Amino acid sequence: MIDPFLDKNPLAPIKSKDLKNIELILITHAHSDHLGDAVEIAKRNNATIVAIYELATYLNRTYGVKTFGMNIGGYYNFNDVKVWMFNAIHSSSIIEKEEIIYAGNPVSYVLEIENKKVFHAGDTGLFKDMELIPKIVGNIDVAILPIGGIFTMDINQARIALEMLKPKIFIPMHYNTFDLIKIDKKELEKVKEAKTIILSPGEEFEL
Ligand code: NI
């Protein structure tokens, strides 16, 4: 799973304690709406948290959870899934009381499972190096991109990202969770760069 923000997420239909048999938890960056319940889920399921090296080290030392630190450009085979770590243009820190803890760079991921590739952008603005990602990993089947604006790119920028990533399917994320990132869903109808699949919280899509 990626960025399990459940217990404090007003839209999440399930809670972290409902999850079973989780083996791998990928974290794009340390903001509380992404790191979310990762530590709790990792402890409960004896799962491994994958994150950029600094964040992985912090979580391992602070909470004693199993972690696997990577860095940008790296990839690793976890049993039947190949995980690539790429760039994201954002920030990443843990905010505790009066302290802001450095948590390494924010990242995006490509997951390759049975020859299918899914790009999860994490929180990011638009950046031109996205065009390199399919050159490195090959054709992308699904791109999951943020569209809520304010903290990430909006729909128009996501469309430019789709031109570079060239996925078959686009799944928008990071919108409507809070008032600040509410979107006009009509904007999504304009997306012609890839087939758009809009998922409601709790809904599934099988590739
Ligand atoms: Ni963020």
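Since the model is a prediction, treat every value here as computed from it, not as a measurement.

A.B. asks: Describe the coordination of the nickel ion, and please don't skip the residues or the numbers.
C.D. replies: Distances from the nickel ion to its protein donors, H29 (NE2), H31 (ND1), H90 (NE2) and D123 (OD), fall within 2.2 to 2.3 Å. In this structure, the nickel ion is surrounded by four donor atoms whose angles at the metal cover 89 to 179°, and the resulting shape is irregular. One chain supplies every donor for the nickel ion, spaced along it as H-x1-H-x58-H-x32-D. Of this pair, H90 sits in the loop between β5 (81–87) and β6 (93–96) while D123 sits in the loop between β9 (116–120) and α4 (132–137), and the two are 33 residues apart along the sequence.

A.B. asks: How would you summarise the pattern of salt bridges if you had to cite specific residues and measurements?
C.D. replies: Counted by the stated rule, this structure contains seven salt bridges. The residue D141 makes a salt bridge to K168 at a minimum N-O spacing of 2.7 Å. Here the residue D141 occupies a position in the loop between α4 and β10 (142–146), and K168 occupies one in the loop between α5 (155–165) and β11 (169–173), the gap between them amounting to 27 residues.

A.B. asks: Lay out the nonpolar core in plain terms, naming residues and giving numbers.
C.D. replies: One finds I25 and L55 to be the most contacted residues of the largest nonpolar core, which totals 35 residues. Only β1 (24–26), α2 (38–45), β2 (48–52), α3 (53–63), β5 and β8 (107–113) provide two or more residues apiece to this core. Setting aside residues no more than four positions away along its own chain, I25 makes contact with M1, P4, A38, I41, A42, A47, T48, I49 and V50. Core analysis: the next-biggest nonpolar cluster, separate from the first, contains 26 residues, M130, I140, I147 and M164 among them.

A.B. asks: Please set out the pairing of β5 residue by residue, giving values where relevant.
C.D. replies: Most of β5 sits out of view: six of its seven residues are buried. In the sheet, strand β4 (residues 75–78) pairs with β5 via four bridges, with the strands oriented antiparallel. Paired with F78 across the strands is V81, a residue of β5. The loop that links β4 with its antiparallel partner β5 comprises two residues; one of these, N79, has a positive phi angle of about 50°.

A.B. asks: Outline the sheet that holds β1, listing residues and values.
C.D. replies: Taken together, the three strands give an open sheet; going across it, the order is β1-β2-β3, and neighbouring strands pair in parallel fashion. Edge positions in the sheet fall to β1 and β3 (66–70), since each has one partner strand and no second. Adjacent strand axes in the sheet meet at a mean angle of 25° when their direction is disregarded. Of the pairings in the sheet, the one linking β1 to β2 comprises three bridges and is parallel in character.

Quick notes on the rules
- Residues numbered from 1 in each chain as written.
- Predicted model: local features only at pLDDT ≥ 70, side-chain atom pairs only at ≥ 80, totals over all residues.
- Heavy atoms only, no water.
- Donors = N, O, S within 2.8 Å, 3.2 Å for Na, K, Ca; no water.
- Tetrahedral: all angles 85-135°; square planar, octahedral: opposite > 155°, others 65-115°.
- Helix = DSSP H or I, 4+ residues; strand = E, 2+ residues; numbered from the N terminus.
- Salt bridge = Lys/Arg side-chain N within 4 Å of Asp/Glu carboxyl O.
- Core = buried A, V, L, I, M, F, W, Y, C linked by side-chain atoms within 4.5 Å.
- Buried < 20%, exposed > 50% of the residue type's maximum accessible area, 1.4 Å probe, protein only.
- Contact = heavy atoms within 4.5 Å.
- Pairing = 2+ DSSP bridges.
- Axes fitted to C-alpha atoms, helices over the stretch in contact; angles between N-to-C directions.

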